[in-house]
Amino acid sequence: MTNEAITELRYHEQQEGWTHERLQDDKCVCILRPRELGGGFVTIDFERRIYGCGYGKPRQHAGTRTYTGRGWQDRILRDAIDHLEAIMSAAN
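As the structure is a computational prediction, the values presented were derived from the model and not from experiment.

## Let's talk about the sheet that holds strand 1 (residues 19-23)
Sheet architecture is open: four strands sit in the order 1-2-3-4, paired in antiparallel fashion. Edge positions in the sheet fall to strand 1 and strand 4 (50-53), since each has one partner strand and no second. The sheet shows a mean angle of 20° between the axes of neighbouring strands, direction not considered. With five bridges connecting them, strand 1 and strand 2 (residues 28-32) associate as antiparallel partners. Within strand 2, the residue paired with Leu-23 across the bridge is Cys-28. Strands strand 2, strand 3 (41-45) and strand 4 of the sheet are contacted by helix 2 (residues 72-91), whose axis makes an angle of about 20° with strand 4.

Reading the values: the criteria
- Residues numbered from 1 in each chain as written.
- Predicted model: local features only at pLDDT ≥ 70, side-chain atom pairs only at ≥ 80, totals over all residues.
- Heavy atoms only, no water.
- Pairing = 2+ DSSP bridges.
- Helix = DSSP H or I, 4+ residues; strand = E, 2+ residues; numbered from the N terminus.
- Axes fitted to C-alpha atoms, helices over the stretch in contact; angles between N-to-C directions.
- Contact = heavy atoms within 4.5 Å.

What follows is the structure in C-alpha cells.
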C-alpha cells in the first residue's frame, strides 16, 4: 500500500475529532476516536488486510470479511470504524 492510498483514507475524519496516525513503516494505520465520544483505537494492517481494536499492529482479525478487489481499502476502513463504534458503545 502506498502512502498516497493511506492519505486518501479520510472517511472517519469527516466526523469532527477523529484522527489517524501511521505505524509500522506505513503498513498500519491507527484510527483514534475522540475522547468526547469515549475514546478508543482501532488499527488496520494494510499489508495483512486485517484490523483489530487497540493501538499497535493487530495480531488477529476482529472482522469476518476478506478484503479484495477495487475499493477494498475503503471497505476495511469503514468496517474497522464500525467495529470500534460497536465495541465502545457496548462498553459505555
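Next comes the rest of the write-up.
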